[in-house]
Amino acid sequence: PRLMEIARCEPGQGPDTHTELAKLIVSETQGPAAWDRLDKGMRKHYRQIAKSGRYLDTFDGKAKALCEWLEKMGVFVTEVEAGRILRIARSTMPEYTDWHRSIRTEIMSTGRLRGPHGHVWDVRHLPLKDDLYREGYAWLAQRIEATIMLDRGLAYMSRWLAAHPGHGRINGFNHDAL
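In this text, all values refer to a predicted model and were calculated from it rather than measured experimentally.

> Looking at this structure, how should I read the overall build of the protein?
A count of helical and extended segments in the protein gives eight helices and two strands. Element order for the protein, N to C, with α for helix and β for strand: α-α-α-α-α-α-α-β-β-α. In the protein, which comprises 178 residues, the proportion classed as buried is 30%. Taking contacts inside the protein between residues at least 6 apart in sequence as the whole, the part at least 24 apart equals 52%. Accessible surface, the protein as shown: approximately 11,500 Å² in total, 53% of it carbon and sulfur.

This is how it looks when you write it as structure tokens:
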């Protein structure tokens with residue numbers, strides 16, 4: 001329910017969960033007033049870590065794997081810090097962990113994912129690895145978004161442009177943009 005409340009907020013109106021998680025990580029690892037002492041660059045650094053929070057449970061406590069993954073994004077943390085970040089992120093948004101667990105369970109038990117609009121992603125021929133699960137999290141969200149854009153964006157805009165000639169044209173459609 002909390003994730004749905006956040007998702008239903010108008011852009012800019014909901015909580016900034018990345019900044020909230022970044023502040024919590026800093027206060028838990030460096031003390032309660034540490035966020036206020038950080039410069040703009042370090043705040044950005046911790047927000048980047050927090051943005052990766054939706055994937056943190058795929059590391060299953062593997063702090064070293066998280067260090068390597070963050071390093072690829074230009075964010076450097078020690079293995080000890082990574083372990084603390086994993087624990088903090090999981091405790092603040094257990095809904096993400098529950099959702100990821102449900103996606104992994106469906107992939108493991110059926111070899112496929114089924115979107116709410118009937119789309120099926122069949123992965124029975126692929127090895128069960130962390131990368132596959134991460135693709136599954138993205139596939140489901142992107143499939144829902146693409147269907148909504150197609151039904152409510154492209155169809156509506158096509159009708160509107162046909163009724164108002166000369167006001168523009170659709171140059172392309174890519175899963176989340178016209």
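> Would you explain the packing of helix H2 (residues 17-30) against helix H6 (residues 79-92) in this entry?
It is at 10 Å that the axes of H2 and H6 come closest, and there the two elements cross at 130°. Between H2 and H6, the angle is such that the two are oblique. In the crossing of H2 with H6, the sense of the turn from one axis to the other is right-handed. In contact with Leu 21, Leu 24, Ile 25, Glu 28 and Thr 29 of H2, H6 contributes Arg 84, Ile 85, Ile 88, Ala 89 and Thr 92. Among the residues forming the contact of H2 with H6, the class breakdown is six nonpolar, two polar and two charged.

> Any chance you could explain the nonpolar core here in plain terms?
Grouped burial of nonpolar side chains is what soluble globular proteins tend to show. With 21 residues, the main nonpolar core has Ile 25, Tyr 46, Ile 49 and Val 77 as its most contacted residues. By residue number, the principal contributor to this core is H6, which donates five residues. Other than its neighbours up to four places away in sequence, Val 77 contacts His 45, Ile 49, Cys 67, Leu 70, Ala 82 and Ile 85. By size, the runner-up hydrophobic cluster in this structure holds ten residues, among which are Ile 107, Leu 113, Trp 121 and Val 123.

> What should I look at first to understand the packing of helix H7 (residues 94-110) against helix H8 (residues 130-163) in this one?
The description of two packed helices rests on the angle between their axes and on the distance between the axes. Axis separation between H7 and H8 bottoms out at 10 Å; the angle between their running directions is 110°. With respect to H8, the axis of H7 lies roughly perpendicular. Residue-level contacts link Trp 99, His 100, Ile 103, Arg 104, Ile 107 and Met 108 of H7 to Leu 132, Tyr 133, Gly 136, Tyr 137 and Leu 140 of H8. Across the contact of H7 with H8, the residue classes tally to eight nonpolar, two polar and one charged.

> So what exactly am I meant to see when it comes to helix H5 (residues 63-72) here?
Since there are 3.6 residues in each turn of an α-helix, residues three or four apart along the chain are aligned in direction. All of the buried residues in H5 are Ala 63, Leu 66, Cys 67 and Leu 70. Taken down its axis, H5 places every buried residue within 105° of arc, on the same side. H5 presents Lys 64 and Lys 72 as exposed residues on the side facing more than 90 degrees away from its buried surface. At its buried positions, H5 is contacted by helix H4 (40-51) and H6.

> Would you mind going over the pattern of salt bridges with me for this structure?
Side-chain pairs of opposite charge can arise where the charged atoms are in close proximity. Summed over the entire model, instances satisfying the criterion amount to four salt bridges. Put simply, Asp 98 and Arg 101 hold a salt bridge, and the shortest N to O gap is 3.3 Å. Here Asp 98 pairs with Arg 101, and both are found in helix H7, just three residues apart, close to one helical turn. The class for Arg 101 is partly exposed, based on a relative accessible area of 42%. When the shortest N-O distance is used, the salt bridge between Arg 124 and Asp 122 registers 2.4 Å. On the basis of relative accessible area, Arg 124 is assigned to the exposed category, the value being 55%.

Reading the values: the criteria
- Residues numbered from 1 in each chain as written.
- Predicted model: local features only at pLDDT ≥ 70, side-chain atom pairs only at ≥ 80, totals over all residues.
- Heavy atoms only, no water.
- Helix = DSSP H or I, 4+ residues; strand = E, 2+ residues; numbered from the N terminus.
- Buried < 20%, exposed > 50% of the residue type's maximum accessible area, 1.4 Å probe, protein only.
- Contact = heavy atoms within 4.5 Å.
- Areas by Shrake-Rupley, 256 points an atom, 1.4 Å probe, with all protein chains shown as cover.
- Axes fitted to C-alpha atoms, helices over the stretch in contact; angles between N-to-C directions.
- Parallel < 35°, antiparallel > 145°, perpendicular 65-115°, else oblique.
- Left-handed = near helix turned anticlockwise from the far one by under 90°.
- Nonpolar A, V, L, I, M, F, W, Y, C, P; charged D, E, K, R; others polar.
- Core = buried A, V, L, I, M, F, W, Y, C linked by side-chain atoms within 4.5 Å.
- Arc of directions from axis to C-beta.
- Salt bridge = Lys/Arg side-chain N within 4 Å of Asp/Glu carboxyl O.

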